[in-house]
Each structure stands twice: as structure tokens, then as C-alpha cells.
Amino acid sequence: MTYAELVQSIQDWTENDESTFTGELDLIIELAEKRIFRESDLNNTRKYSTASLPAGDEFLAHPTDAVVIRSLQSIDSSGDRAFLLQKDKSFLHDYITDRSATGTPRYYSHWDNDTVYIVPSPATSTAFEMAYTYRPTGLSSSNTTTWLSLEAPDALFYACLVEASIFMKEAPDLTASYTTKYQEALQRLVVEENLRNRNDEYRARSLTLGEL
């Protein structure tokens, strides 16, 4: 489904081409996309970033597009990797009372919206790989297709109808009907992600449609 096709379908289903409504369609699509991303865990929203900290530096900046930090690994000079454990800042403050102390990084926490706090700070320059979730560029007149519009058009479409019905102050039963259709489409998407994309046949047998 392209941007133009989605816009036309929303107008057709709502039977509304009034200028105030059509002027809000980009916002309706944006809200629908963000709802799907927040209510699911999709492979296409995962990214990785590598950065280095000099010895004694305990603050690692997030990638500028990071929304959720999924994990953090240190990579030593030999290329060996080790996962850091996420802890609350209070635990880290108790673990390292002298912040000038250095060692092998073991724990991290969120320091603020843009920074991870690592303890102990590395004794030598150390690379870190951060796995995180980001928000892909949304559907628009200048970005006419996205992964969602091509691979999950049903979930995107019904999410848009939910937002459109709220904007138009439709009867609650109609909004509820669209919400149910959206939730069903989202569940199918989640099943595909979790059971098909994240379980290979080496470890799990194939599932038939009736078993999903």
C-alpha cells in the first residue's frame, strides 16, 4: 500500500473528503504508525551502534535515533564481547562510591534521556555495541512506501481508521469496531514476527495455520 492508496482508502471508508479532515490525514497516519511501533516489537525497528569510550569515561551517548536501549556489550582489544547488566542508578552509586575508579565495565543504567552511565568506567579505551529500537521514517507524500505499508497494511489501515474515527467524533461502537479490527491485525503481525521470524526450524518445528 502506498501513501496515496492509504489516504484514498481512509477517505473512502470514512466517506469524508472535507478539507479539515484531509488536512489532518498526515497526523492520523503518524499517530497510527507510532501506536503500532509502541504496541509491538518489530525486527525492522532494531538497530545497532558501536562507539568507544576513553579510559576513565563512564558516560556513553545514545545514538541520536535511539528510542529504547535493548542491550549493551563491551568489546575488548581482543574482540571478546561481554554483556553489561542493566541496573538502577542507586545500585551503581553503591557499587562504585569512588567514580574515579576504573576497571572492567559490568553494569549500566540510564543517566538521562541521552546518556548511559557505565560502571566501573573502563581502565583502557573500550568499544561498546548498543542494540536499540528506533522509529523508521514514516509514510508521507515524500516517502510513499514503508515497511509497515508494504508488509502490514491491514494493521496500519485499521489503526488509521481508529484515529480518524476519534477525530470525527464517531459513535463509540464504530470506533470500538475499528479498534477490534486493528487489534486482530496487530496480533497477526506479532504472531508472524515471533513465531516465524524468530524461531528457525532447526530449533522449532514448523507450525501449521491451525496451530498459530
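Notes on the structure in this doc start here. (Residues numbered from 1 in each chain as written. Predicted model: local features only at pLDDT ≥ 70, side-chain atom pairs only at ≥ 80, totals over all residues. Heavy atoms only, no water.)

Re the packing of aromatic side chains
To keep things clear, this is the line we draw: The rule is short: rings of Phe, Tyr and Trp, with Trp giving its six-membered ring, pair when the centres are within 6.5 Å, and they are stacked under 30 degrees, edge-to-face over 60, tilted in between. Secondary structure elements are taken from DSSP: a helix is a run of H or I of four residues or more, a strand is a run of E of two residues or more, and numbering for both begins at the N terminus. Using a 1.4 Å probe on the protein chains alone, a residue whose accessible area is under 20% of its type maximum counts as buried, one over 50% counts as exposed, and one in between counts as partly exposed.
A full pass over the atoms with the stated rule returns 10 aromatic pairs. When the ring of Phe59 is compared with that of Trp111, the centres are 4.9 Å apart and the planes differ by 65°; the resulting orientation is edge-to-face. Here Phe59 is found in strand S2 (residues 59-61), whereas its partner Trp111 is found in strand S7 (residues 107-112), with 52 residues between them in sequence. Judged by relative accessible area, Phe59 falls into the partly exposed class, the value being 26%. Its relative accessible area of 30% is what places Trp111 among the partly exposed residues.

What about the pattern of salt bridges?
Opposite charge on two side chains makes pairing possible when the charged atoms of those side chains draw close. To be explicit about the condition: Each reported salt bridge corresponds to a side-chain nitrogen of Lys or Arg within 4 Å of a carboxyl oxygen of Asp or Glu.
Scanning the model with the defined rule gives 8 salt bridges in all. Here Glu39 ties to Arg35 by a salt bridge, and the two come within 3.3 Å at their closest N and O atoms. One end of the pair, Glu39, and the other, Arg35, are both in helix H3 (residues 25-39), 4 residues apart, so they sit about a helical turn from each other. Residue Arg70 is joined to Asp41 by a salt bridge in which the shortest nitrogen-to-oxygen separation is 3.2 Å.

Overview of the sheet that holds strand S5 (residues 85-86)
Note the following rule: Here, strands pair whenever DSSP counts at least two bridges between them.
Strand order in the open sheet formed by 4 strands is S2-S8-S7-S5, with mixed pairing between adjacent strands. Only two strands of the sheet have a single partner each, and these edge strands are S2 and S5. In the sheet, S2 pairs with strand S8 (residues 115-119) via 3 bridges, with the strands oriented antiparallel. Bridging across to S8, Phe59 finds its partner in Tyr117.

Comments concerning the sheet that holds strand S1 (residues 46-53)
Filter applied, for reference: Under this scheme, a helix contributes an axis fitted over its contacting stretch, all axes are lines through C-alpha atoms, and angles between N-to-C directions fall in the 0 to 180 degree range.
In space, the 4 strands of this open sheet follow the order S1-S10-S3-S4, with antiparallel pairing throughout. What marks the edges here is a single partner per strand, and that holds for S1 and strand S4 (81-83). Each adjacent strand pair in this sheet contributes to an overall mean axis angle of 35°, direction not counted. Of the strand pairs in this sheet, S1 and strand S10 (residues 126-134) are connected by 8 bridges, and their pairing is antiparallel. Considered in S10, the bridge of Ser49 is made with Met130.

Let's talk about the pairing of S8
Among the 5 residues in S8, 5 count as buried, and that is most of the element. Judged from the 5 bridges that link them, S7 and S8 form a sheet pairing that is antiparallel. What sits directly across from Tyr107, in S8, is Val119. The hairpin turn running from S7 into S8, its antiparallel successor, is 2 residues long.

Some points on H3
Turn by turn, an α-helix covers 3.6 residues, leaving residues three or four places apart pointing in a common direction. Applied cut-off: Helix span, expected: 1.5 Å multiplied by one less than the number of residues in the helix. Here the arc refers to the directions that run from the helix axis out to each C-beta atom.
In this model H3 runs 21 Å from its N-terminal to its C-terminal C-alpha over 15 residues, within 8% of the 21 Å that 1.5 Å per residue would give. Restricting attention to buried positions, one finds in H3 the residues Leu25, Ile28, Ile29, Ala32, Glu33, Ile36 and Phe37. What you see down the axis of H3 is that its buried residues fit within an arc of 165°, all on one side.

Topic: the nonpolar core
Side chains of nonpolar character tend, in soluble globular proteins, to be buried together. Cut-off, in case you're wondering: Residues enter a nonpolar core if they are buried and are Ala, Val, Leu, Ile, Met, Phe, Trp, Tyr or Cys, with the set joined through side-chain atoms within 4.5 Å. The criterion used for residue contact is that any of the two residues' heavy atoms lie within 4.5 Å.
Leu6, Ile10, Ile29, Ile36, Leu156, Cys160 and Tyr182 are the most contacted members of the largest nonpolar core, which has 29 residues in total. Breaking this core down by element, the ones donating at least two residues are helix H1 (3-14), H3, helix H6 (153-167) and helix H7 (172-197). It is H6 that contributes the most residues to this core, 9 residues altogether. For Leu156, the residues in contact, after removing those within four places along its chain, are Leu6, Ala32, Glu33, Ile36, Leu139, Leu148 and Ser149. Core analysis: the next-biggest nonpolar cluster, separate from the first, contains 12 residues, Leu53, Leu84, Val116 and Phe128 among them.

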